[in-house]
Amino acid sequence: MITIKNESQIEKMRKAGALLHSVLEALRAEIEPGVTTLHLDQMAEKLIRDAGAIPSFKGYEGFPFSICASVDDQVVHGFADRRKLRKGQLLSIDCGVILDDWQSDSAFSVLVGGGTPMAQKLVDVTEECFWIGANMAREGNRLGDLSHAIQVHAEKHGYGVIRDLCGHGIGQEMHEDPNVPNYGNPGRGVKLQRGMTIAIEPMISMGTWKVYCEDNDWTIVTRDHSLCSHYEHTVLITDGEPEVLSYPGKKVAEEVRR
Ligand code: MG
Ligand code: MG
């Protein structure tokens, strides 16, 4: 069931989104060669709990961490660990919070200490895919319009669009209807309405879109071990400009024009 949020519910999701944004920015500033993903996980949990919120990933279907830390060919759901990050690795951090019973979900990817132009392009194009998709998240459009826009942009660069995983509705639950795939046909799927809140999250690989799951039953890896990038925000659909709840003040139209 797709839930439509009212203004007071949206205001709570704004607060959850603002908190999550501040947490992710703090993590981003901490990332450098030598840092461990376990340190980032502990930092995230403390920041979230100190703000009176709950790390939504921790314990979700048994997931053991507050962040997903996915490195290089890991697509999503990577486990934090004690290995030191090395310069040039592609690190994706995904995190979610519950504040006052309302959820937010967001992810970014970065090259640890900087990396090759080829890898940076993958990270940049994945972010572009998000903004291009988010720009289509408007009342009256169909979900397929958004999915298709993401797919076209990624494939234009010769990249693979991960198909086994997708974005999702979000609200009081982390995963609500509808599914938000990163590939599809324009004019198809659910009609978007103001008050819908969805997590849009392109997962883009430098090679194949095919993936498998590691032995920990969580971590998803590209089958050809090509690099993969992930970028996500929680977005509110309105009758005009979509509002990126997990990136306060950011204007979708400005990002698309860049
Ligand atoms: Mg996420
Ligand atoms: Mg998500």
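Residues numbered from 1 in each chain as written. Chains lettered and ligands numbered in written order. Predicted model: local features only at pLDDT ≥ 70, side-chain atom pairs only at ≥ 80, totals over all residues. Heavy atoms only, no water.

**Some remarks on the coordination of the magnesium ion (ligand 1)**
Every protein donor of the magnesium ion (ligand 1) is listed here as Asp94 (OD), Asp94 (OD), Asp105 (OD) and Glu232 (OE), and their distances to the metal cover 2.0 to 2.5 Å. Each donor residue of the magnesium ion (ligand 1) belongs to the same chain, with the gaps between them written as D-x10-D-x126-E. Between the magnesium ion (ligand 1) and the magnesium ion (ligand 2), a separation of 3.1 Å is found, and both are coordinated by Asp105. You can see Asp105 sitting in strand β5 (residues 102-111) and its partner Glu232 sitting in the loop between β13 (228-230) and β14 (233-236), a full 127 residues away along the chain. (Donors = N, O, S within 2.8 Å, 3.2 Å for Na, K, Ca; no water. Helix = DSSP H or I, 4+ residues; strand = E, 2+ residues; numbered from the N terminus.)

**Quick look at unusual backbone geometry**
Excluding glycine, a negative phi dihedral is what most residues carry, and trans is how most peptide bonds are arranged. The step from Asp177 to Pro178 runs through a cis peptide bond, and the omega angle for that step is -5 degrees. Following the sequence through the fold, Pro178 ends up in strand β8 (residues 176-180). One non-glycine residue with positive phi stands out, namely Glu61, at about 50 degrees. Tracing the sequence through the fold places Glu61 in the loop between β1 (54-55) and β2 (67-71). Using a relative accessible area of 66% as the deciding quantity, one classes Glu61 as exposed. Its identity is not glycine, yet His77 carries a phi of approximately 60 degrees, on the positive side. You can see His77 is positioned in the loop between β3 (74-76) and β4 (90-99). On the accessibility criterion, His77 (23% relative accessible area) is partly exposed. (Buried < 20%, exposed > 50% of the residue type's maximum accessible area, 1.4 Å probe, protein only.)

**Here we look at the pairing of β5**
Of all ten residues that make up β5, ten are buried, and the element is covered over most of its length. Of the two faces of β5, the one lined by Trp102, Ser104, Ser106, Phe108 and Val110 and the one lined by Gln103, Asp105, Ala107, Ser109 and Leu111 are each fully buried. Here β4 hands over to β5 after two residues, with Asp100 in that stretch at a positive phi of 55 degrees. (Pairing = 2+ DSSP bridges.)

**Examining the sheet that holds β13**
Across the sheet, which stays open at both edges, the three strands sit in the order β6-β10-β13 with antiparallel pairing between neighbours. This sheet does not close on itself; its edge strands, each paired only once, are β6 (160-161) and β13. The strands touched by helix α3 (residues 117-135) are β10 (203-205) and β13; relative to β13, the strand with the most contacts, the crossing angle is about 40 degrees. (Contact = heavy atoms within 4.5 Å. Axes fitted to C-alpha atoms, helices over the stretch in contact; angles between N-to-C directions.)

**Points about the coordination of the magnesium ion (ligand 2)**
Here the magnesium ion (ligand 2) is held by the protein donor atoms Asp105 (OD), His168 (NE2), Glu201 (OE) and Glu232 (OE), which lie 2.1 to 2.2 Å from it. All donor residues of the magnesium ion (ligand 2) come from one chain, and their arrangement in sequence is D-x62-H-x32-E-x30-E. Take Glu232: its relative accessible area is 0%, and that puts it in the buried class.

**A short note on the packing of α3 against helix α4 (residues 143-156)**
Running from N to C, α3 and α4 point in directions that differ by 155 degrees, and their axes come no closer than 8 Å. Taken together, the axes of α3 and α4 lie roughly antiparallel to each other. Crossing handedness for the pair α3 and α4: right-handed. On α4, the residues that touch Val125, Glu128, Cys129, Ile132 and Gly133 of α3 are Leu146, Ala149, Ile150, His153 and Ala154. Class assignment of the residues belonging to the contact of α3 with α4 gives a composition of seven nonpolar, two polar and one charged. (Parallel < 35°, antiparallel > 145°, perpendicular 65-115°, else oblique. Left-handed = near helix turned anticlockwise from the far one by under 90°. Nonpolar A, V, L, I, M, F, W, Y, C, P; charged D, E, K, R; others polar.)

**Here's the deal with the packing of aromatic side chains**
Here the structure, examined in full by the defined rule, presents eight aromatic pairs. Judged by centre distance (5.0 Å) and plane angle (80 degrees), the ring pair of Phe63 and Trp218 falls under edge-to-face. With Phe63 in the loop between β1 and β2 and Trp218 in the loop between β11 (211-213) and β12 (220-222), the pair connects residues that are 155 residues apart, well separated along the chain. The class of Phe63 is buried, set by a relative accessible area of 3%. Taken together, the aromatic side chains of Phe63, Phe65, Phe79 and Trp218 make up a single cluster linked through ring pairs. Lying over the aromatic face of Phe108, Arg28 brings its terminal NZ or CZ to 4.3 Å of the ring centre. One cation-aromatic arrangement involves Arg163 over Tyr183; the distance from NZ or CZ to the ring centre is 4.5 Å. (Phe/Tyr/Trp six-rings, centres within 6.5 Å; stacked < 30°, edge-to-face > 60°. Lys NZ or Arg CZ within 6 Å of the ring centre and 35° of its normal.)

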